[in-house]
There are 2 protein chains.
Amino acid sequence: MTTDTFAKEIALQIELDGQKVLLGGMAKGAGMIHPNMATMLALVTTDAAISPACLQEALRRANDASFNMVTVDGDTSTNDTVVVLANGRAGNPLLEDTANPGFELFCEALKEVCQALAKMIARDGEGATKLLEVQVVNAPGPEDARKAARAIAGSTLLKAALFGEDANWGRIICALGYSGARFEPDRVDVYLGGLLVARNGAGASFSEEEAGKLLAKEEIRIVVDLQAGDAAATAWGCDLSYEYVRINADYRS
Amino acid sequence: MTTDTFAKEIALQIELDGQKVLLGGMAKGAGMIHPNMATMLALVTTDAAISPACLQEALRRANDASFNMVTVDGDTSTNDTVVVLANGRAGNPLLEDTANPGFELFCEALKEVCQALAKMIARDGEGATKLLEVQVVNAPGPEDARKAARAIAGSTLLKAALFGEDANWGRIICALGYSGARFEPDRVDVYLGGLLVARNGAGASFSEEEAGKLLAKEEIRIVVDLQAGDAAATAWGCDLSYEYVRINADYRS
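Residues numbered from 1 in each chain as written. Chains lettered and ligands numbered in written order. Predicted model: local features only at pLDDT ≥ 70, side-chain atom pairs only at ≥ 80, totals over all residues. Heavy atoms only, no water.

Novice: Can you walk me through the pairing of strand E5 (residues 131-139) of chain A in this structure?
Specialist: Regular strands show a simple pattern: their side chains alternate between the two faces of the sheet. Across 7 bridges, the pairing between E5(A) and strand E9 (residues 219-225) of chain A is parallel. When the sheet's bridge partners are listed, A:Val137 is paired in E9(A) with A:Asp225. (Pairing = 2+ DSSP bridges. Helix = DSSP H or I, 4+ residues; strand = E, 2+ residues; numbered from the N terminus.)

Novice: Would you mind showing me how to read the domain arrangement of chain A here?
Specialist: Residues and elements named next belong to chain A. As assigned here, chain A comprises domain 1 (8-123) and domain 2 (131-249). With centres defined by C-alpha atoms, the gap from domain 1 to domain 2 works out at 26 Å. Of the roughly 1200 Å² buried between domain 1 and domain 2, counting both surfaces, carbon and sulfur atoms make up 57%. Between the two partners, domain 1 and domain 2, sit 2 salt bridges. As a salt-bridge pair, glutamate 133 and lysine 119 come within 3.7 Å of each other at their nearest N and O atoms. Our enumeration of links across domain 1 and domain 2 arrives at 2 residue pairs in polar contact (both at pLDDT 80 or more). If you tally residues by element for the side of domain 1 that touches domain 2, the top one is helix H2 (residues 101-123), at 4 residues. Within the side of domain 1 that touches domain 2, the residues separate by chemical class into 5 nonpolar, 4 polar and 4 charged. (Domains from an automatic or database assignment. Buried area = accessible area lost by both parts, 1.4 Å probe. Salt bridge = Lys/Arg side-chain N within 4 Å of Asp/Glu carboxyl O. Polar contact = N/O pair within 3.5 Å; in protein donor to acceptor, adjacent residues only side chain to side chain. Nonpolar A, V, L, I, M, F, W, Y, C, P; charged D, E, K, R; others polar.)

Novice: Got a minute to help me understand the relation of the copies chain B and chain A in this structure?
Specialist: Each of the two chain copies goes to the other by way of a rotation about an axis and a shift along it. When chain B is fitted onto chain A, the two copies agree to an RMSD of 0.0 Å after a turn of 180° and an axial shift of 0.0 Å. Both copies are brought into coincidence by an operation consistent with a two-fold rotation axis. Rotation axis and chain B: the residue whose C-alpha lies nearest the axis is B:Tyr242, separated from it by 2.6 Å. (Least-squares fit on C-alpha atoms with pLDDT ≥ 70 in both.)

Novice: What's the story with the pattern of salt bridges in this structure? I'm lost.
Specialist: Between side chains of opposite charge, a pair can form as their charged atoms come close. Residue and element names in this part refer to chain B. Taken as a whole and judged by the stated rule, the model has 30 salt bridges over all chains. In this structure, glutamate 143 and arginine 150 form a salt bridge, with 4.0 Å as the shortest nitrogen-oxygen distance. For glutamate 143, a relative accessible area of 42% puts it in the partly exposed group. Judged by its relative accessible area of 32%, arginine 150 falls in the partly exposed class. (Buried < 20%, exposed > 50% of the residue type's maximum accessible area, 1.4 Å probe, protein only.)

Novice: Before we go on, may I ask you to explain the side chain of B:Ser51 in this structure?
Specialist: By secondary structure assignment, the location of B:Ser51 is in the loop between strand E3 (41-46) and helix H1 (52-64). Apart from residues no more than four positions distant in its own chain, B:Ser51 is found in contact with B:Leu94, B:Leu95 and B:Glu96. (Contact = heavy atoms within 4.5 Å.)

Novice: What is the right way to read unusual backbone geometry from this model?
Specialist: Residues other than glycine predominantly adopt negative phi, and peptide bonds predominantly adopt the trans conformation. Residue and element names in this part refer to chain B. The phi dihedral of asparagine 138 is positive, around 55°, even though this residue is not glycine. A relative accessible area of 30% means that asparagine 138 is categorised as partly exposed. Non-glycine residue asparagine 200 carries a positive phi angle of around 50°. Structurally, asparagine 200 is set in the loop between strand E7 (195-199) and strand E8 (202-203).

Novice: Explain the interface of chain B and chain A here, please?
Specialist: Where interface size is given, it is often the accessible area lost as the parts come together that is meant. Counting residues at the interface gives 33 residues for chain B and 34 residues for chain A. Remark: the boundary between chain B and chain A carries 0 salt bridges. Of all the secondary-structure elements, those providing two or more residues to the side of chain B that touches chain A are helix H4 (156-163), helix H5 (169-178) and helix H7 (242-249) of chain B. Ranked by residue count, the leading element in the side of chain B that touches chain A is H7(B), at 6 residues. Counted by class, the side of chain B that touches chain A contains 15 nonpolar, 10 polar and 8 charged residues.

Novice: What should I look at first to understand helix H5 (residues 169-178) of chain A in this one?
Specialist: The periodicity of an α-helix, 3.6 residues per turn, causes residues three or four positions apart to be oriented the same way. Residues and elements named next belong to chain A. Within H5, 8 of the 10 residues are buried, leaving the element largely enclosed by the surrounding structure. Regarding H5, the residues found buried are Trp169, Gly170, Arg171, Ile172, Ile173, Cys174, Ala175 and Leu176. Following H5 by one or two positions, glycine 180 has its phi on the positive side, about 95°.

Novice: Looking at this structure, I do not really get the sheet that holds strand E5 (residues 131-139) of chain B. What am I missing?
Specialist: Note on sheets: strands pair through backbone hydrogen bonds, and any given pair is parallel or antiparallel. Residues and elements named next belong to chain B. As summarised here, the arrangement of the 6 strands in space is E8-E7-E6-E9-E5-E10, forming an open sheet in which the pairing is mixed. Where the open sheet ends on each side, the last strands, each with one partner, are E8 and strand E10 (231-238). Pairing between strand E6 (residues 189-192) and E7: 3 bridges, direction antiparallel. The partner of leucine 192 across the bridge, within E7, is leucine 195. Here helix H2 (residues 101-123) sits on the sheet in contact with E5, strand E9 (219-225) and E10, set at roughly 40° to E10. (Axes fitted to C-alpha atoms, helices over the stretch in contact; angles between N-to-C directions.)

Novice: Quick question: what am I supposed to make of the confidence of the model for chain A here?
Specialist: Regions with low pLDDT carry predicted coordinates that are not meant to be interpreted in detail. All names here are of chain A. Averaged over all residues, the pLDDT of chain A equals 85, while 91% of them reach at least 70. For residues 32-38, every residue scores under 50 in pLDDT, and the model assigns this stretch 27 contacts once sequence neighbours within four places are set aside. This complex was scored by the predictor with a pTM of 0.79 and an ipTM of 0.71. (pLDDT = per-residue confidence, 0-100.)

Novice: Any chance you could explain the packing of aromatic side chains here in plain terms?
Specialist: The way to describe two aromatic rings as a pair is by their centre distance and the angle between their planes. All names here are of chain A. Taken as a whole and judged by the stated rule, the model has 3 aromatic pairs over all chains. Each ring, one from phenylalanine 163 and one from tyrosine 242, has its centre 5.3 Å from the other, and the planes form 90°; the classification is edge-to-face. Here phenylalanine 163, found in helix H4 (residues 156-163), pairs with tyrosine 242, found in helix H7 (residues 242-249); they are 79 residues apart in sequence, far enough to count as distant. (Phe/Tyr/Trp six-rings, centres within 6.5 Å; stacked < 30°, edge-to-face > 60°.)

If you want it as structure tokens, here you go:
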């Protein structure tokens, strides 16, 4: 049994030393946890020639920027799985040194595949009506950016506000506050779908009507500028709807 | 504006060296966060004669076993406040030494007052239909017990299952799994309102009908026995309902 509502697949092609290299991915997941079965599964295949160590490192980097940055309900699964398989059929010179420029190219491609799948999972979150993308920029460090982005994307109250299409920027700054990220409250700017809703930690004067139009979309991007450094991170999530409660209230029946 | 639905007050009396000492408390709170106003407020008064240092220590202990163990939606507030005032009118010998047996007695009384208020806040959680009490027992250490109890009480999926009156013990063990508490999965017993639903980490054979009756109550107690030590902790929460989503989706309108 699954609550997925669509197939999650992605494929792309890159060139390594003149050789076409393909990557394909598929994933399954809608709720972060269904303790009686597999929850989030992702399988990525490639015909790249790459050593196990390099492939593992490439996957670690891709996971940290994709599957590890998505949340539907904050309930970590007992059994998430991401697998990448490479058969070397592309015939590119074997990638076995992370210093090889081709390795960076492969990492970027793998990250792109994993991010595409992670976003599909968030978009298909149980009961979700919207895909939420949270970009935290100009953070003092990468961990600050990651903590902040994940806390905002995971805020129950923000998720409910987005379902209600309410430009509740205070909940964004509040989640930032308990995220553990380092920042100066009076230097935080918040953009909702490109609209400045808070400047230097205080509410900006914006058109609720314009905000409402932006929040009515199926994809909502929140940008939080900490003005405290040059690190950035992106997290993905979804809104919290009545349907989420219904699905999980009568899950076993 | 507040979403509280009832007044939260408690009073009790103890005796210190033959002197009657009164404690009274009141609190306000239903959602853990309303960024534009005070969220959870608690005020405790007593006529005990107690030094500021002892009173601070007593409050710290009481908070850790009450307000710091309650969750409605996992969104930490920017502005929770707990205040205790003592005027010394009781005439008891001044409590100024934490080694004084009277201090322990006062601490217990203050804890009782704070726990009563914390439970009222959970019971009145936005949209809540049930009060959830999670007791984690026989944990290897106090922090393990606290982490486990809070993670279980805060699990979005468990909260939705309780709203649906679904004896989904797997979600309890799963939350335990990501709580960070130390435990042996195959030694965990889970009781739902006194009914054994999981033994040694696996599902026990229990009557779904009986479980349904227990889950239909307005107070649900979950006991998780880690069989790994002698530490214990209790956390309080509530279920996740459609009404919670409604309240927070149109919060500003």
